[in-house]
Amino acid sequence: AAMVLSTMTVTAFAEETASTPTKTVATIDTDLKGSITIHKYEYNGTTEIPGTGETTDKLPTDDKEMKALEGAGFTIYKVADVNDLTNYYNANPESLPSVNDYLKDGKIDTTKVKKTVTEVKTNKNGIAEFNELELGFYVVVETTTPDKVTDPVDPFIVSVPMTTKDGDNWLYNVHVYPKNKTTYGEVTLEKKGNNTELLSGVKFVLQKWNTTESTWKNAKNETGVEGVQFGELTTDANGKITVNGLSQGKYRFIETDRGGNDGYIMDGATTYEFTVTAEGKINYDGKTDNNITITVNNEKPSLEKSVKNADGSYDNDTDASVGDTVTWKVEASVPSNVNKLKTYKLTDKMSNALTWEDKTKAGLEIATDNETTLIKNTDYILTVPEDNTAGGTWTIEFTEAGKTKLASSKVKVITVTFNTKLNENAKIGSDGNLNDAELDYSNAIYPTADPKNPNNNNEPGEDKIQDQAIVYSFQMNIEKVDGKNQAIKLKGVTFDLYSYTGKNPNPTEADLKGSAGKPIAKDLTTDGEGKTQYKGLKNGT
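Residue positions are given per chain, counted from 1 along the sequence in the order it is written. It should be noted that, the model being predicted, local features are given only for residues of pLDDT at least 70 and side-chain atom pairs only at 80 or more, the latter also being counted only at that level, while totals for whole chains, interfaces and linings use all residues. Note that water and hydrogens are dropped before the side-chain values are worked out from all heavy atoms of the structure.

**Re the overall build of the chain**
Item 1. Elements are defined by DSSP. Helices are runs of H or I of four residues or more, strands are runs of E of two residues or more, and each kind is numbered from the N terminus. Counting its regular elements, the chain contains 4 helices and 46 strands.
Item 2. Only protein chains enter the accessibility calculation, which uses a 1.4 Å probe; a residue is then buried when its area is under 20% of its type maximum, exposed when over 50%, and partly exposed in between. Looking at the chain as a whole, 44% of its 541 residues qualify as buried.
Item 3. When the accessible area of the chain is evaluated, it comes to approximately 27,800 Å², of which 44% is carbon and sulfur surface. A 1.4 Å probe and the Shrake-Rupley method give the accessible areas. Residues count as covered only by the protein chains that appear here.

What follows is the structure, encoded as structure tokens:
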């Protein structure tokens, strides 16, 4: 609320005539120019102190936070010249005219304006000066209001000149002290990974929309006179950033660095916009409250490689005999923003112990967790090894159309199943034979048409997630010795090797040759040391 000058007692002085008392009186010097100096402050107290137009006026002391207010713009309108002023004072010596006489619907009535003096904005000391003014009445209107201000001051009228407070003279340089109530907002950002893990060390910038320049600029804490610009904001151990001192207006958070949270996809293109109202409340996502928490989530894909067991289940390992077909499964999660990723690709590299079967038999299949069908050469590009290649590699790279389909149909998991054959290169024992799968994906999303976004046109990097499954195989070693003297090794003895799946814990030859047995090798012959062996066996009897 303004300290309106109409509350002051204004005594008029006229020239001495025969009917007036014989005393020296002051008259308006019409050859002089005047000035209006506006001292603008933030003031949220309740005390009102009448102004005198002089620089010696005291300020209220009930608001310790009263500060000079920069950026408030005032335009003054001359509504009466010096002759009108003199005539008015002769008729109404103790008051100013009502400002409402010059307003229409709360705004200046341009039909009653004799001259408009261009807007002047207060400096960092809260001062706006209008100098070399013609004498007369002026209506002062706050035409630019800083965002932190709750409401502009009501228009008020100033007389140039006006009487000094003792009524003995005219004051040509008038000082006024209009004050505004201010309010500020506070907002909290919470950063999560996959909607669960709180992510610390993630960096953001906070920008504010500048309505004058129609552009985004770095935001400030405006509780100070000039405001302190926010630098790079970093989430704390609880994944949070809290900022306050926000004047009314539109803001946006932008992620600029994921910190040490490797594997997560940084989304530097999405902006999180909110508004601070005139009452200092936060409006975000359709909700308005004193302090709202904006939750920002980063996604981190996952990859799981497994192999099929004899019972049909999948695990991270199995066992097989040389020549067996081994079925593998690759499961990759799909980020909801996969359509914004430059790269999303699956790769599987087999060990040299695995042979890619004829692709018509291998039956490499790509399925989703819903009914979405992915079309080869449209949604993805498939590369497979040549037939009967040992240690080959296949890749599935999703096209733009495929990534768009995945995102729009909300596919969460892609499953790839395929077959290989365990060959003679199989490693025996605990080392096993690995099959490595890898998911390559862009680790950041950047805008291309947002010049004020610090991430604009950046090039994303790539992250890789790897997983592997193992197929084990074993070796049977036989040493044939003399029954009475084991130091004697028997050469040239032959054995037949069977795989037995029956229930007899000590199967007979008849059991082995029955339906529950299967010959694996015939006539394994011991060497000069009485030894023979057979490698490439799965678990069993």
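Back to the write-up after that little detour.
**A closer look at the packing of aromatic side chains**
Item 1. Only the six-membered ring of Trp is used, alongside the rings of Phe and Tyr, when aromatic pairs are assigned; centres must lie within 6.5 Å, and planes under 30 degrees apart are stacked while those over 60 apart are edge-to-face, with the rest tilted. Under the criterion given, the structure shown has 12 aromatic pairs.
Item 2. Arranged with centres 5.5 Å apart and planes meeting at 35°, the rings of tyrosine 89 and tryptophan 170 form a pair that is tilted. Of the two residues, tyrosine 89 sits in helix H1 (residues 82-91) while tryptophan 170 sits in strand E12 (residues 170-171), which places them 81 residues apart along the sequence.
Item 3. Residue tyrosine 89 is classed as buried on the basis of its relative accessible area, which comes to 2%.
Item 4. Two conditions define a charge located above a ring, namely a distance within 6 Å from the ring centre to NZ of Lys or CZ of Arg, and an angle within 35 degrees of the ring normal. Cation over ring: lysine 300 sits above tyrosine 264, and NZ or CZ is 5.4 Å from the ring centre.

**Digging into the sheet that holds strand E3 (residues 67-68)**
Item 1. What the 3 strands build is an open sheet, ordered E3-E2-E14; its pairing is mixed. Two strands lie at the open edges of the sheet, namely E3 and strand E14 (179-180), each paired on one side alone.
Item 2. Two strands pair if DSSP finds at least two bridges between them. With 2 bridges joining them, strand E2 (residues 41-42) and E14 adopt parallel strand pairing. From the neighbouring strand, glutamate 42 faces E14, where its bridge partner is asparagine 180.

**Brief notes about the side chain of threonine 355**
Item 1. Here threonine 355 shows up in strand E34 (residues 354-356).
Item 2. In this analysis, two residues are considered to be in contact whenever any of their non-hydrogen atoms come within 4.5 Å of each other. Leaving out residues up to four positions away in the same chain, threonine 355 has contacts with Asn388, Thr389, Ala390, Thr420, Lys421 and Asn423.

**Section: the environment of serine 409**
Item 1. With respect to the element layout, serine 409 can be found in the loop between helix H3 (400-408) and strand E39 (413-422).
Item 2. Relative accessible area serves as the criterion here: at 25%, serine 409 is assigned to the partly exposed category.
Item 3. Separated by 37 residues in the primary sequence, serine 409 and threonine 372 place their C-alpha atoms 6.9 Å from one another.
Item 4. If we skip the residues at most four places from it in the chain, serine 409 touches Asn370 and Thr372.
Item 5. As used in this structure description, the phrase polar contact means that two N or O atoms lie within 3.5 Å; if the pair is within protein, one of them must be able to donate a hydrogen and the other to accept it, and residues adjacent in sequence are counted only when both atoms belong to side chains. A polar atom in the side chain of serine 409 sits 3.2 Å from the side chain of threonine 372.

**With respect to the layout of surface pockets**
Item 1. Looking at the largest pocket, its volume works out to about 730 Å³.
Item 2. Definitions used for this entry: grid spacing 1 Å over protein atoms alone; cavity, a set of points where a 1.4 Å probe fits but cannot get out; pocket, an open set with protein on both sides within 12 Å along at least 5 of 7 lines; lining residue, one with an atom within 4 Å of a point. Considering the residues around the largest pocket, the lining is formed by 23 residues, among which Pro146, Asp147, Lys208, Asn210 and Glu222 are closest to the centre.
Item 3. Elements that contribute at least two residues to the lining of the largest pocket include exactly strand E17 (203-210) and strand E18 (215-218).
Item 4. Top element by residues in the lining of the largest pocket is E17. It accounts for 3 residues.
Item 5. Classification convention: Asp, Glu, Lys, Arg as charged; Ala, Val, Leu, Ile, Met, Phe, Trp, Tyr, Cys, Pro as nonpolar; all other residues, Gly among them, as polar. Residue composition of the lining of the largest pocket, by class: 4 nonpolar, 9 polar and 10 charged.
Item 6. Computed from the structure, the second largest pocket encloses a volume of approximately 490 Å³.
Item 7. Together, 21 residues line the second largest pocket, and Ser321, Ser499, Ile520, Leu537 and Lys538 are the ones closest to its centre. Grid points are joined across faces, edges and corners, and a volume is the space filled by probe spheres set on the points.

**Topic: the confidence of the model for the chain**
Item 1. Residue-level confidence of the predictor is summarised by pLDDT, bounded by 0 at the bottom and 100 at the top. Mean pLDDT over the chain: 88, with 89% of residues reaching 70 or higher.
Item 2. Confidence drops under pLDDT 50 across residues 1-25; counting only partners more than four residues distant or on other chains, this segment forms 55 contacts.

**A closer look at the environment of asparagine 504**
Item 1. Considering the arrangement of structural elements, one finds asparagine 504 in the loop between strand E44 (494-500) and helix H4 (509-513).
Item 2. The spacing of asparagine 504 and alanine 516 is 12 residues in sequence and 9.9 Å in space, taken between C-alpha atoms.
Item 3. Only 3.0 Å separates the side chain of asparagine 504 from the backbone nitrogen of asparagine 506, close enough to count as a polar contact.
Item 4. Here aspartate 511 takes part through its side chain, which lies 2.8 Å from a polar atom of the side chain of asparagine 504.

**Concerning the sheet that holds strand E4 (residues 73-81)**
Item 1. Spatial strand order, E7-E4-E9-E10: 4 strands in an open sheet with antiparallel pairing. One side of each edge strand has no neighbouring strand; the edge strands of this open sheet are strand E7 (115-121) and strand E10 (156-160). Here the strands of the sheet are splayed against their neighbours by 30° on average, with no regard to which way each runs.
Item 2. Looking at chain direction, E4 and E7 are connected through 5 bridges and run antiparallel. If you follow glycine 73 over to E7, its bridge partner there is lysine 121.
Item 3. Between the N-to-C directions of two axes lies an angle of 0 to 180 degrees, each axis being a line fitted to C-alpha atoms and, for a helix, fitted only over the stretch in contact. Along the sheet, H1 makes contact with E4, strand E9 (136-144) and E10, crossing E4 at roughly 70°.

**Examining the side chain of glutamine 207**
Item 1. Mapped onto the secondary structure, glutamine 207 falls in strand E17.
Item 2. The exposure class assigned to glutamine 207 is buried, which follows from its relative accessible area of 4%.
Item 3. At a separation of 2.7 Å, a polar atom in the side chain of glutamine 207 contacts the side chain of arginine 252.
Item 4. In this view, glutamine 207 contacts Trp216, Lys217, Asn218, Ala219, Lys250, Tyr251, Arg252, Ile254, Lys452 and Pro454; residues no more than four positions away in its chain are not counted.

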